[in-house]
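Below are the chains, spelled out letter by letter.
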Amino acid sequence: MLHTDAWWRDAVIYQVYPRSFADSDGDGMGDLPGITGRLHHLKELGIDAVWLSPFYPSPQHDAGYDVADYRGVDPRFGELGDADKLIAEAHGLGLKVIVDLVPNHTSNEHEWFRAALAAGPGSPERERYIFRDAPANSWTSVFGGSAWEQTPDGQWYLHLFDVSQPDLNWDNPEVRAEFLDILRFWLDRGVDGFRVDVAHGMVKEAGLKDWTTTSTILGGLDPAGPPPPMWDQEGVHEIYQSWRRVLDEYEGGRILVAEAWVAPADRLARYVRPDEMHQAFNFPYLDAPWKPAELRAVIDESLRANDAVGATTTWVLSNHDVVRHASRLGFPAGTPRMPGIGAGDPQPDAALGLRRARAATLLMLGLPGSAYLYQGEELGLPEHTTMPDEFREDPAWERSGHAERGRDGCRVPLPWEADAPSYGFGPADASWLPQPATWAEYALDRQQGIPGSTWELYHSALGLRREHHLGSGSVTWQDGEFAFRNGDVLVLTNFGAEPVELPAGARLLLSSEPLDDDGRVPTDVTVWALV
Ligand code: GLC
């Protein structure tokens, strides 16, 4: 582990989804004091940093990714002083803190958008957004439906996401200046970095030419084709260069992480050139099927493309936008990722999903670079795949005309204590999304100290990863099985139907499931061994 300004190069970063992590006041909605009160659990788990999804004032039409004030804390989550306390407490524990920055769009309740509506067509206030007298094209919203919405005075505005998320006009210098100031606001409060939402979206191609392909969360870009006029435009890079200059004025290694749905790997690597961002989420890895050839290809391609620009490669299997990997992997290998799962949909094989999820995580944590974990995966949490539709809050559910169940199933509040109300999420029974009746078995207090539990697997893996410097190592593929060496550790995953032998003399360090009676590695199991 590096203890320098380059802490992030091999860091394991844990995503906290504030609505669903821990509720301190019993209103059913997680909050910042709840997070602060449970940070020591994350320290104990062995992570290096937390990334917090948005906690800013917001009408919550997109769970806080519709920001009404970039310099505050929503009363549901606490107040600004609670953010300061959280940062201080995390730093006291030796954990870094990354916050979410949403620059592509504001909430329609942001003072700028209110002012734009009040000031009317042709005003400088409207120039902060993308207003036209008529829809300029047939672009669609990522959540479904048209990307254009009419205002009462007849003009239309662009929203690539929900109608409550008007896109900002990044050609306007005032918008650029405002975000530089927002960066400083949080850097001055001590944050260690920003996860940049929709980092490939801010600049639109001049002329807003027509484009009929629909984009979906994390997807929709053709790696072989030209970038669509709303995504991955050349102009975004200059913005990140200007942000990087601001971050570099601060000490301690402050970072920018791109959430950019960009392919192929070489195009994504352009976001992490030395004068731009530090990291980009590796969604091709998240989307790779549970198949050895495909996984090996995406690992090699990711490392090659990032090495070429001197960046660290990241790995991720779950986040707040996708079906949890313990459920995704419970479908036949190669099943495309689905936009949510409901009671009427095909259901995953939960046992198979968890077995593969544990193997997938051990494989991921054996790779060099930086890994992102999503809260609850260390408990082996599955997606809530039978949530009654009346509870759904994701705007994609309504906007898609109920074609997509959406992302609520991966956002269910965490179980901490098996026998407490709301499984210890908060002091009361309340929970903004219903928790499945089967979740007691996943609670933290049913797993800590229990050999073989998923929490203990993560805990051991994070400890060994640090001890053997896997984050700063390299991948050397071995002949035969799906296996690579990283330093003195062999990482082997058995994707086949038959058990496989460990190489002669190998000493087992950790295994995602027990070896068989003959000491062989069973199907869908990853092992780490000293060689
Ligand atoms: C990102 C977020 C997602 C949000 C969208 C719009 O993809 O991860 O949750 O809905 O941006 O801000």
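Within each chain, residue numbers correspond to sequence positions counted from 1 in written order. This being a predicted model, a pLDDT of at least 70 is required before a residue's local features are given, and a value of 80 or more before pairs of side-chain atoms are given or counted; all residues contribute to the totals for chains, interfaces and linings. Computation of side-chain values: all heavy atoms of the structure, hydrogens and water removed.

Going by the annotation in an unreviewed UniProt entry, the name recorded for the chain is Alpha-amylase family glycosyl hydrolase, with Paractinoplanes pyxinae given as the source organism. Note on the chain: under the UniProt heading Sequence similarities (unreviewed entry), the record states "Belongs to the glycosyl hydrolase 13 family." UniProt positions are given in the numbering used here, feature names are shortened, and annotations may be inferred rather than shown by experiment.

Novice: I keep staring at the side chain of Gln 435 and nothing clicks. Help me out?
Specialist: Within the secondary structure layout, Gln 435 lies in the loop between helix 12 (395–399) and helix 13 (454–467). Residue class for Gln 435 comes out buried when judged on its relative accessible area of 17%. In terms of polar contacts, Gln 435 uses its side chain to reach the backbone carbonyl oxygen of Pro 413, at 3.1 Å. Whether two residues are in contact is decided by their heavy atoms, any of which lying within 4.5 Å being enough. Residues within four places of Gln 435 in sequence aside, it is in contact with Val 412, Pro 413, Leu 414, Pro 415, Ser 422, Tyr 423 and Phe 425. Runs of H or I in DSSP of at least four residues are treated as helices and runs of E of at least two as strands, each being numbered from the N terminus. Relative accessibility under 20% of the residue-type maximum defines a buried residue, over 50% an exposed one, and the middle range a partly exposed one, all with a 1.4 Å probe and only protein chains included. Polar contact criterion, stated in full: a pair of N or O atoms within 3.5 Å, where within protein one must be able to donate a hydrogen and the other to accept it, and residues adjacent in sequence count only if both atoms are side-chain atoms.

Novice: Looking at this structure, I do not really get the sheet that holds strand 6 (residues 156–158). What am I missing?
Specialist: Whether parallel or antiparallel, the strands of a sheet pair through hydrogen bonds between backbone atoms. A pair of strands is considered paired only if DSSP assigns at least 2 bridges between the two. Within the open sheet, the three strands sit side by side as 4-6-5. Their pairing is antiparallel. Both edges of this open sheet fall to strand 4 (131–132) and strand 5 (148–150), since each of them pairs with a single strand only. Bridge count for strand 5 against strand 6 is three bridges, and the pairing is antiparallel. Bridge pairing in strand 6 links Trp 148 to Leu 158.

Novice: What is the right way to look at the site of the ligand in this model?
Specialist: Note on terminology: near, applied to a residue and a molecule or strand, indicates that one of the residue's heavy atoms is within 4 Å of it. In the vicinity of the ligand there are 15 residues, among which Asp 62, Asp 197, Glu 259, His 320 and Asp 321 approach most closely. In the environment of the ligand, an oxygen atom lies 2.9 Å from a nitrogen or oxygen atom belonging to the side chain of His 105. Contact between the ligand and His 320: an oxygen atom at 2.9 Å from a side-chain N or O atom of the residue. Per-residue accessibility takes into account occlusion by the displayed protein chains alone, with areas from the Shrake-Rupley method and a 1.4 Å probe. For the ligand, the protein covers 100% of the area, taking 310 Å² as the surface of the free molecule. Of the pockets mapped on this structure, the ligand occupies the largest cavity. Each residue gets one label: Ala, Val, Leu, Ile, Met, Phe, Trp, Tyr, Cys and Pro are nonpolar, Asp, Glu, Lys and Arg are charged, and the others, such as Gly, are polar. Its residues assigned to classes, the shell around the ligand comprises five nonpolar, three polar and seven charged. Cavities and pockets were defined on a 1 Å grid built from protein atoms only: a cavity is a group of points that admits a 1.4 Å probe but offers it no way out, a pocket is an open group of points flanked by protein on both sides within 12 Å along at least five of seven lines, and a lining residue is one with an atom within 4 Å of any such point. Pocket occupancy is defined atom-wise: a molecule lies in a cavity or pocket when more than half of its atoms are within 2 Å of its grid points.

Novice: Just to check I follow, could you spell out the environment of Leu 247 for this structure?
Specialist: With respect to the element layout, Leu 247 can be found in helix 6 (residues 236–248). By relative accessible area, which is 1% here, Leu 247 ends up buried. As for Leu 247 and Phe 194, which are separated by 53 residues in sequence, their C-alpha atoms are 10.0 Å apart. In this view, Leu 247 contacts Leu 183, Leu 187, Phe 194, Arg 254, Ile 255, Leu 256 and His 278; residues no more than four positions away in its chain are not counted.

Novice: Got a minute to help me understand empty space enclosed by the protein in this structure?
Specialist: Where empty space is left becomes clear once a probe the size of a water molecule has been rolled over the atoms. Grid points are joined across faces, edges and corners, and a volume is the space filled by probe spheres set on the points. Applying the stated criterion across every chain yields a total of six cavities of 30 Å³ or more. Reported here for the largest cavity is a volume of approximately 100 Å³. Asp 62, Tyr 65, Asp 197, Ile 217 and Arg 407 are, among the 14 residues lining the largest cavity, the residues nearest its centre. Partitioning the lining of the largest cavity into residue classes produces six nonpolar, three polar and five charged. Here the second largest cavity is characterised by a volume of approximately 70 Å³. Arg 19, Gln 60, His 61, Asp 62, Ala 63, Glu 393, Asp 394, Pro 395, Asp 408, Arg 411 and Trp 432 together form the lining of the second largest cavity. The class makeup of the residues in the lining of the second largest cavity is three nonpolar, two polar and six charged.

Novice: Got a minute to help me understand the pairing of strand 16 (residues 525–530) in this structure?
Specialist: Looking down a regular strand, the side chains alternate between one sheet face and the other. When you tally the buried positions in strand 16, you get six out of six residues, the bulk of the element. Neither face of strand 16 is open: one carries Val 525, Val 527 and Ala 529, the other Thr 526, Trp 528 and Leu 530, and all of them are buried. Pairing of strand 14 (residues 489–494) with strand 16 involves six bridges; the strand directions are antiparallel. Within the sheet, the bridge partner assigned to Val 489 lies in strand 16 and is Leu 530. In this structure, strand 15 (residues 507–511) lies alongside strand 16, joined through four bridges in antiparallel fashion. Note that in strand 16 the partner of Ser 511 across the bridge is Val 527.

Novice: I keep staring at helix 5 (residues 173–188) and nothing clicks. Help me out?
Specialist: Working note: α-helix, 3.6 residues per turn, so residues spaced by three or four point in the same direction. A rise of 1.5 Å per residue sets the reference length of helix 5, with its 16 residues, at 22 Å; its end C-alpha atoms lie 23 Å apart and thus fit the reference within 8%. Taken together, the buried positions of helix 5 are occupied by Val 175, Glu 178, Phe 179, Ile 182, Leu 183, Trp 186 and Leu 187. Residues of helix 5 that are buried in the fold lie against helix 3 (80–92), strand 3 (96–101), helix 4 (111–119), strand 7 (193–196) and helix 6. Measuring from the side-chain oxygen of the N-cap residue of helix 5 to the backbone nitrogen of Glu 174 gives 2.9 Å; that N-cap residue is Asn 172. The positive-phi residue at the C-terminal boundary of helix 5 is Gly 190, with phi of around 105°. Expected span, for any helix, means 1.5 Å times one less than how many residues it has.

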